[in-house]
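Residue-level listing of the chains:
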Amino acid sequence: MPFNRDSPDIRPANKMSSSTDWVPALWLDTFDELLYDDNELDYGDQWSLNFNYGQTNVVTKEERKRGWKVYSHCAYGNFQCGSCNKTWPSARVVVLFRYRLRGDRGTVIMRPFGQACRRCQDDEFDLPGFSKKEVEDALLRLISKIRKNCYGEEDDDDDNDSSSSSTKVWTKPHEASLCQACIMGICCQDDD
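Residues numbered from 1 in each chain as written. Predicted model: local features only at pLDDT ≥ 70, side-chain atom pairs only at ≥ 80, totals over all residues. Heavy atoms only, no water.

Peer 1: Any details on the overall build of the protein chain? Residues and values, ideally.
Peer 2: Counting its secondary structure elements, the protein chain contains five helices and six strands. Of all 192 residues assigned to the protein chain, the portion counted as buried reaches 45%. Taking all contacts inside the protein chain whose residues are at least 6 apart in sequence as the whole, residues at least 24 apart take part in 68%. If you sum the accessible surface of the protein chain, you get close to 10,600 Å²; carbon and sulfur atoms cover 44% of it. (Helix = DSSP H or I, 4+ residues; strand = E, 2+ residues; numbered from the N terminus. Buried < 20%, exposed > 50% of the residue type's maximum accessible area, 1.4 Å probe, protein only. Contact = heavy atoms within 4.5 Å. Areas by Shrake-Rupley, 256 points an atom, 1.4 Å probe, with all protein chains shown as cover.)

Peer 1: Break down the packing of aromatic side chains for me, with residues and values.
Peer 2: Inspection of the entire model under this criterion finds nine aromatic pairs. For the ring pair W22 and W27, a centre distance of 6.3 Å and an interplane angle of 40° mean the geometry is tilted. Neither W22 nor W27 differs from the other in exposure class; each is buried. Look at W22 and Y53: their rings are 6.3 Å apart centre to centre, the planes differ by 90°, and that puts the pair in the edge-to-face class. Remark: Y53 occurs in the loop between strand 1 (46-51) and helix 3 (61-65) and W22 occurs in the loop between helix 1 (14-17) and helix 2 (24-37); sequence separation between them is 31 residues. Overall, the relative accessible area of 17% leaves W22 in the buried class. What makes Y53 partly exposed here is its relative accessible area of 40%. Among the aromatic residues, those joined into a cluster by ring pairs are W22, W27, F51, Y53, Y71, F97 and F130. (Phe/Tyr/Trp six-rings, centres within 6.5 Å; stacked < 30°, edge-to-face > 60°.)

Peer 1: Go over the pattern of salt bridges, please, and point to the residues and values.
Peer 2: Per the stated rule, a full pass over the model turns up six salt bridges. When salt bridges that share partners are traced, they join E40, R147 and E153 into one network. (Salt bridge = Lys/Arg side-chain N within 4 Å of Asp/Glu carboxyl O.)

Peer 1: Give a detailed account of the nonpolar core, specifying residues and quantitative values.
Peer 2: The biggest cluster of nonpolar side chains holds 29 residues, and the ones touching the most others in it are W27, F97 and V108. Elements with a contribution of two residues or more to this core: helix 2, strand 1, strand 2 (69-80), strand 3 (87-102), strand 4 (105-112) and helix 4 (132-151). Of all the elements, helix 4 adds the most residues to this core, at seven residues. Not counting chain neighbours up to four residues away, the residues in contact with W27 comprise W22, L49, F51, V95, F97, M110, F130, V135, A138 and L139. (Core = buried A, V, L, I, M, F, W, Y, C linked by side-chain atoms within 4.5 Å.)

Peer 1: Lay out helix 2 in plain terms, naming residues and giving numbers.
Peer 2: Taking 1.5 Å of rise per residue, the 14 residues of helix 2 would be expected to cover 20 Å, and the 19 Å separating its terminal C-alpha atoms lies within 8% of that figure. For helix 2, the complete set of buried residues consists of W27, T30, F31, L34 and L35. Projected onto a plane normal to the axis of helix 2, the buried residues spread over an arc of 120° and lie on a single side. Among the structural elements, strand 1, strand 3, strand 4 and helix 4 are those in contact with the buried residues of helix 2. (Expected span 1.5 Å × (residues − 1). Arc of directions from axis to C-beta.)

Peer 1: Go over the side chain of K145, please, and point to the residues and values.
Peer 2: Residue placement: K145 occurs in helix 4. Apart from residues lying up to four places away in sequence, K145 is in contact with Y71, Y99, C150 and D155.

Peer 1: Run through helix 4, naming residues and quoting values.
Peer 2: For helix 4, which comprises 20 residues, the first-to-last C-alpha distance of 27 Å matches the rise-based estimate of 28 Å (1.5 Å per residue) to within 8%. Directly after helix 4, the chain includes G152, whose backbone phi takes a positive value near 75°.

Peer 1: Can you explain the packing of helix 2 against helix 4? Please cite residues and give values.
Peer 2: Two elements in contact, helix 2 and helix 4, have axes whose closest approach is 10 Å; the angle formed by their N-to-C orientations is 55°. With respect to helix 4, the element helix 2 is oriented oblique. Considering how the two elements wind past one another, helix 2 and helix 4 form a crossing that is right-handed. In this structure, helix 2 contributes L26, W27, T30, F31, E33, L34 and L35 to the contact, and helix 4 contributes K132, V135, E136, A138, L139, L140 and I143. (Axes fitted to C-alpha atoms, helices over the stretch in contact; angles between N-to-C directions. Parallel < 35°, antiparallel > 145°, perpendicular 65-115°, else oblique. Left-handed = near helix turned anticlockwise from the far one by under 90°.)

Peer 1: Run through the state of the cysteines, naming residues and quoting values.
Peer 2: For the structure on display, the rule yields zero disulfides. Here C81 is not cross-linked by a disulfide; its sulfur's nearest cysteine counterpart is in C120, at 3.6 Å. With no disulfide of its own, C84 lies closest to C120 among cysteine sulfurs, the gap being 3.6 Å. For C84, a relative accessible area of 7% translates into the label buried. (Disulfide = S-S within 2.5 Å.)

Structure follows, in structure tokens:
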């Protein structure tokens, strides 16, 4: 019997499903590699990456006073429905970063936004999986923002935006009703 990826009874092989899995360790490891192996932020400060799956893009006046800034990145990711196992790619996956530098300690808090399955229509948002390259691209863009906003460096990516949204070609319409970020009013749909 031929493999039918849309069949609810058959899960894709592990090799395929790994790119649809949300893997926080991939982000943590890549963040550490960029900072401590590649010296992308070579200022002697200690930076940490954490996750908060409830944060929004709103920064209150008090948070601004404490140095918090927000960067929203549009990335390419893959999803797998937790109910029916359907998989789909998306070139409009929002990853939200909140960051600040206090003294010699920098903190980044990250939230990936999910998408719901068109087939199930169950209002459950599945988290995206990303390739290593996509994670590196997102974190390098974040680091560029940190350099500019925390250390006063020029943002050399302003003219040559490395955000994936600037290089992707949209092939299917984005379904705002299935996008967690769109529902919250922070999707990257209008970035192009």
